[in-house]
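The residues making up each chain are set out below.
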Amino acid sequence: MAIKKPTGKAPLKPSYTYLIEKKRDGHEFSEEEVRNIVDSILDDEMPDFQMAALIMAIFFKDMAAQETAVFADEMILTGETIELSDIAKPKVAKYSTGGVGDKTSMILSAIGAACGVVVPGMSSADEDFVITVHDKLSSVPGFKSVLALKDFHKQLSTVGCAICEHDDQISPVDAKIYKMRHATATIPSLPLITASVLSKKFAVGSDGLVVDVKWGNGSFLRDLEQAKQLARTITRVARVMKHRCVALVTDMNQPLGNSVGMGLEVLEALDFLRGGGTDDMKEIVLKLGMEILRLAGVAGSTLSAKQSVERVIEDGSAYKKFLEMIKEQGGAAPWLEDPTKFPVAKHSRKLPAPKRGYVHNINAGQIARGVQILSTLKNGKVDPYVGVTEIKKVGTQVKQGEPLLMIQYNDETNLDAAMDYFRNAYRLAPRRPTPPPIVVERVA
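Residues numbered from 1 in each chain as written. Predicted model: local features only at pLDDT ≥ 70, side-chain atom pairs only at ≥ 80, totals over all residues. Heavy atoms only, no water.

Caption draft 1: Spatial organisation of the overall build of the protein chain. Secondary structure summary: the protein chain contains 17 helices and twelve strands in total. Over its C-alpha trace the protein chain gives a radius of gyration of 23 Å, about what one expects of a compact globule, namely 22 Å for 444 residues. For the protein chain, buried positions account for 57% of its 444 residues. Within the protein chain, contacts between residues separated by at least 24 positions form 80% of all contacts whose residues are at least 6 apart in sequence. Total accessible area computed for the protein chain in this model is approximately 18700 Å², and 51% of it derives from carbon and sulfur atoms. One finds the centroid of the 56 positive side-chain charges in the protein chain at a distance of 4 Å from the centroid of its 55 negative side-chain charges. (Helix = DSSP H or I, 4+ residues; strand = E, 2+ residues; numbered from the N terminus. Rg over C-alpha atoms; globule rule 2.2 N^0.38 Å. Buried < 20%, exposed > 50% of the residue type's maximum accessible area, 1.4 Å probe, protein only. Contact = heavy atoms within 4.5 Å. Areas by Shrake-Rupley, 256 points an atom, 1.4 Å probe, with all protein chains shown as cover. Lys, Arg positive; Asp, Glu negative; His and termini not counted. Charge placed at Lys NZ, Arg CZ, Asp CG, Glu CD.)

This is how it looks when you write it as structure tokens:
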């Protein structure tokens, strides 16, 4: 917005140099200045070199909660918004900073909907580590990961959950800012992450938000204190925006669950909703699910929230809701209802333990990179049905030659290169280590 001069002459915008200097010196922007910044970026009026300087200044000097809230609100106003007030049920979104083997968004969408909570799931590539949730679901034949806004709204009103790619009409300025953050190595900027997340989640009609902030070698947040700070920043800014928000800081220093790979993770999600699942998956799904139900107000206590999550898994209603969502988005039913019909890799090879001992450390990022190499075909396309399964976790005792994980593949072209990453991901030791806690901190 223009700043009026005392002389009564036409409004004059502050120069971009002035704005850069102001943030460089650690001062807060006014609402009018934030609005001017967002509009100038949206309209391509701000030169790239000054936009880069401004983002770098924000990276080093941070933004206050009020500043960030205004920034997020202004980003929302640059595009379309989805109005869900015609749906009587509570609306709570779930956001994850992304981790290796993280299937929780798929699972929790179904659990939330089965418990009477509308869960809008629209995500972009920057919201996941290596493999996006809609990429995983696209391994189901026929699944449509792109939904028109009216179809997204319709599915939320009928099914209660939807998972699709971010629509460019929602907070369009965010894509421009993210591109510059990527180019200037400022992706970890906490206020810009916060503004990006909140603008996109609240623009699609969410009343509340449950955040899973992952830290470790399988996340872009490698520092625990930075992860905790992001959790505090997101919840604080959401409150300023008058939205309810809870964040959990969770461990990502080893893959989550039993598998890594697009189709393999969908199969694991299906197995979980049928009552299966690894201990780490059960713990994190239960805790995040309880937060969704408490925030939505459909469970009055921690105990009732826990019982509700467990009930919809045990009675199969969450599983049915997951199938309903996939079918509504074009997914082929037989492949979902009968896991034996789901495409699997033709070949399997074990990664043998080089010696006897305990799994002391796993570099989840190395495993993700190995799967990425393994799934890249000669023509540049991606094979969605390869990856790794039966992952031995930290603290597990193994004998020499025993598989640390099983590699599922169709083509040997990239197998050796991928094997190097898998091999280097594991560290064994003679003594059993103490496995890290799954949930490190809760911020509300």
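That was the structure; now back to the text.
Caption draft 2: View of empty space enclosed by the protein. For the structure shown, the criterion picks out four cavities of 30 Å³ or more. Within this model, the second largest cavity holds a volume of roughly 60 Å³. Every residue along the wall of the second largest cavity is listed here: Leu374, Thr376, Leu377, Lys378, Asp383, Val386, Asn410, Asp411, Thr413 and Asn414. Class assignment for the residues of the lining of the second largest cavity results in three nonpolar, four polar and three charged. (1 Å grid on protein atoms, 1.4 Å probe; cavity = no way out; pocket = protein on both sides within 12 Å on 5 of 7 lines; lining within 4 Å. Points joined across faces, edges and corners; volume = space filled by probe spheres on them. Nonpolar A, V, L, I, M, F, W, Y, C, P; charged D, E, K, R; others polar.)

Caption draft 3: Quick look at the pattern of salt bridges. Overall, the coordinates contain 20 salt bridges when judged by the stated rule. Salt bridges sharing common partners tie together Glu225, Lys228, Arg232 and Glu441. (Salt bridge = Lys/Arg side-chain N within 4 Å of Asp/Glu carboxyl O.)

Caption draft 4: Geometry of the sheet that holds strand 7 (residues 357-362). Judged by pairing direction, the sheet is antiparallel, and its three strands sit side by side in the order 9-7-11 without closing on themselves. Of all strands in the sheet, those with a lone pairing partner are strand 9 (397-398) and strand 11 (426-429), marking the two edges. Strand direction decides the pairing type here: strand 7 and strand 9, joined by two bridges, are antiparallel. By the bridge assignment, glycine 357 is partnered in strand 9 with valine 398. Each of strand 7 and strand 11 is contacted by helix 17 (residues 415-425), which is oriented at about 35 degrees to strand 11, the strand it contacts most. (Pairing = 2+ DSSP bridges. Axes fitted to C-alpha atoms, helices over the stretch in contact; angles between N-to-C directions.)

Caption draft 5: View of the pairing of strand 2 (residues 119-123). Judged by how many residues are buried, strand 2 sits mostly within the fold: five of five residues are covered. Burial along strand 2 is two-sided: the face carrying Val119, Gly121 and Ser123 and the face carrying Pro120 and Met122 are both buried. Alignment of strand 2 against strand 3 (residues 161-165), held across five bridges, turns out to be parallel. What sits directly across from serine 123, in strand 3, is glutamate 165.

Caption draft 6: Geometry of helix 17. Within the sequence span of helix 17, burial applies to Leu415, Ala418, Met419, Phe422 and Ala425. End-on view of helix 17: buried residues confined to an arc of 120 degrees, all on one side of the axis. The secondary structure elements touched by the buried residues of helix 17 are strand 6 (347-352), strand 7, helix 16 (364-375), strand 8 (387-389), strand 10 (403-409) and strand 11. (Arc of directions from axis to C-beta.)

Caption draft 7: Structural view of unusual backbone geometry. Backbone geometry places alanine 185, a non-glycine residue, at a positive phi of 60 degrees. If you trace the backbone, alanine 185 turns up in the loop between helix 8 (172-183) and helix 9 (190-203). Phi is positive for lysine 242, which is not a glycine, with a value near 65 degrees. Of note, lysine 242 is situated in the loop between helix 10 (224-240) and strand 5 (244-251). Take lysine 242: its relative accessible area is 75%, and that puts it in the exposed class.

Caption draft 8: Looking closely at the sheet that holds strand 4 (residues 208-215). Taken in spatial order, the four strands of this open sheet run 1-4-5-12, and their pairing is mixed. Two strands in the sheet have a free side with no partner beyond their single neighbour: strand 1 (92-96) and strand 12 (439-443). Neighbour to neighbour, the strand axes of the sheet diverge by 15 degrees on average, direction disregarded. Here strand 1 runs beside strand 4; their pairing, made up of five bridges, is parallel. Along strand 4, the bridge assignment pairs tyrosine 95 with valine 211. Packed on one face of the sheet, helix 10 meets strand 4, strand 5 and strand 12 and runs near 170 degrees to strand 5.

Caption draft 9: Representation of the nonpolar core in the model. Counting residues in each nonpolar core, the largest one holds 83 residues, and the members touching the most others are Ile111, Leu137, Phe322, Ile367, Val388, Ile407 and Tyr426. Counting residues per element, this core draws most heavily on helix 12 (residues 279-296), which supplies ten residues. For isoleucine 407, the contacting residues outside a window of four places in its chain are His347, Ser348, Arg349, Leu374, Gly387, Val388, Leu415, Met419 and Phe422. Grouped together as the second largest cluster of nonpolar side chains are 63 residues, Ile41, Ala52, Ile170 and Leu230 included. (Core = buried A, V, L, I, M, F, W, Y, C linked by side-chain atoms within 4.5 Å.)

Caption draft 10: Spotlight on the packing of aromatic side chains. Applying the stated criterion across every chain yields a total of two aromatic pairs. Between phenylalanine 59 and phenylalanine 60 the ring centres are 5.1 Å apart and the planes differ by 85 degrees, which places this aromatic pair in the edge-to-face class. In this structure phenylalanine 59 comes out as partly exposed when scored by relative accessible area, which is 30%. Pairing phenylalanine 342 with tyrosine 385 gives two aromatic rings, centres 5.9 Å apart and planes at 80 degrees, and the pair type is edge-to-face. Separated by 43 residues along the polypeptide, phenylalanine 342 in the loop between helix 15 (333-337) and strand 6 and tyrosine 385 in the loop between helix 16 and strand 8 bring together distant segments of the chain. When its relative accessible area of 2% is taken as the criterion, phenylalanine 342 is described as buried. The class for tyrosine 385 is buried, based on a relative accessible area of 19%. Its guanidinium or amino end placed over the ring of phenylalanine 29, lysine 23 lies 5.1 Å from that ring's centre, counting from NZ or CZ. (Phe/Tyr/Trp six-rings, centres within 6.5 Å; stacked < 30°, edge-to-face > 60°. Lys NZ or Arg CZ within 6 Å of the ring centre and 35° of its normal.)

Remember, this is a structural readout, not a statement about activity or role.
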